[in-house]
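The residues making up each chain are set out below.
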Amino acid sequence: MMEFLKLRISDPNLLRLINRFLKGGYMEEGKKYKTDNGTPQGGVISPILANVYLHYVLDLWFEKRVRKQCIGQSFMVRYADDFVCCFQSKSEAEQFFQSLKLRLKKFNLEIAEDKTKIIPFGKFADKDAKQRGTVNQQPLIS
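Basis of the calculations
- Throughout, residues of each chain are indexed from 1 in the direction in which the sequence is written.
- The predicted nature of this model means local features are confined to residues of pLDDT at least 70 and side-chain atom pairs, given and counted, to a pLDDT of 80 or more, with totals for whole chains, interfaces and linings taken over all residues.
- Excluding hydrogens and water, the side-chain figures rest on all heavy atoms present in the structure.
- Runs of H or I in DSSP of at least four residues are treated as helices and runs of E of at least two as strands, each being numbered from the N terminus.
- Burial classes follow relative accessibility: with a 1.4 Å probe on protein chains only, a residue under 20% of its type's maximum area counts as buried, one over 50% as exposed, and anything between as partly exposed.
- Any pair of residues with heavy atoms lying within 4.5 Å of one another is described as a contacting pair.
- One speaks of a salt bridge when a side-chain nitrogen belonging to Lys or Arg is within 4 Å of a carboxyl oxygen belonging to Asp or Glu.
- Take the buried residues of types Ala, Val, Leu, Ile, Met, Phe, Trp, Tyr and Cys, join any two whose side-chain atoms come within 4.5 Å, and each joined set is a nonpolar core.
- Side-chain rings of Phe, Tyr and Trp, where Trp is taken by its six-membered ring, are said to pair if the distance between their centres is within 6.5 Å; with planes under 30 degrees apart they count as stacked, over 60 as edge-to-face, and otherwise as tilted.

Draft legend 1. Local environment of the overall build of the chain. Along its length, the chain carries 5 helices and 6 strands. Along its sequence from the N terminus, the chain presents helices and strands in the succession α-α-β-β-α-β-β-α-β-α-β. Relative to its full complement of 142 residues, the chain shows a buried share of 32%. Long-range contacts, defined as pairs at least 24 residues apart, comprise 41% of the intrachain contacts of the chain with a sequence gap of at least 6.

This is how it looks when you write it as structure tokens:
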């Protein structure tokens, strides 16, 4: 996190304050708990730092690497730590899903398997599914 912040922030005093915030711990029911990694949930700076972290871990990776490797179209929309990725082909969606797991693991993150799936969408998805008896066009990872 601090390395990502140093790419954008040159003020050592601000960086020191952020670092102290990250190591400051949190209070719960009147008891103080130390934090060894990450930002305390509910902290005022946590959403900002999460967006900075995901910008480097996910947004730039998708834009500079993933999209360039895709033959079909691909898009990503992210809001805080939730995101939806759209691919023109099912095979590219499946390939991305596997590489996403590895990418996140590299930065000590993981996906919520129970909330993540590839689904078909688009104006031709229902029509094609009826013709083939399956649904496999216009995949989406959410």
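Draft legend 2. Representation of the pattern of salt bridges in the model. By the definition in use, this model includes 5 salt bridges. For the salt bridge of Glu-3 with Lys-6, the shortest nitrogen-to-oxygen distance reads 3.5 Å. You can see Glu-3 and its partner Lys-6 sitting in helix α1 (residues 2-8), 3 residues apart, about one turn around the helix. Note on Glu-3: relative accessible area 55%, which makes it exposed. For Lys-6, a relative accessible area of 47% gives the class partly exposed. In this structure, Glu-94 and Lys-90 form a salt bridge, with 3.9 Å as the shortest nitrogen-oxygen distance.

Draft legend 3. Summary view of unusual backbone geometry. Positive phi outside glycine occurs at Ala-80, with the angle close to 55°. Secondary-structure assignment places Ala-80 in the loop between β3 (74-79) and β4 (82-87). For Ala-80, a relative accessible area of 35% translates into the label partly exposed. Of note in the backbone geometry, Asn-108 takes a positive phi value of approximately 60° without being a glycine. Its location among the elements puts Asn-108 in the loop between α4 (90-106) and β5 (118-120). Judged by relative accessible area, which is 74%, Asn-108 ranks as exposed.

Draft legend 4. Highlighting the nonpolar core. Formed by 19 residues in total, the largest nonpolar core has its most connected members in Val-66, Phe-87, Phe-96 and Leu-100. Mapped onto this core, the elements with two or more residues apiece are α3 (46-69), β4 and α4. Per element, the largest residue contribution to this core is 7 residues, and it comes from α3. One finds Met-2, Leu-5, Leu-22 and Leu-49 within the second-largest nonpolar core, a separate group that totals 8 residues.

Draft legend 5. Inspection of the packing of aromatic side chains at higher detail. Applying the stated criterion to the full structure yields 8 aromatic pairs. Pairing Phe-4 with Phe-107 gives two aromatic rings, centres 6.1 Å apart and planes at 35°, and the pair type is tilted. Placement of Phe-4 in helix α1 and of Phe-107 in the loop between α4 and β5 is noted, with a sequence separation of 103 residues between them. By relative accessible area, Phe-4 is classed as buried at 16%. What makes Phe-107 buried here is its relative accessible area of 16%. A network of ring pairs unites the aromatic residues Phe-4, Tyr-53, Tyr-56 and Phe-107 as a single cluster.

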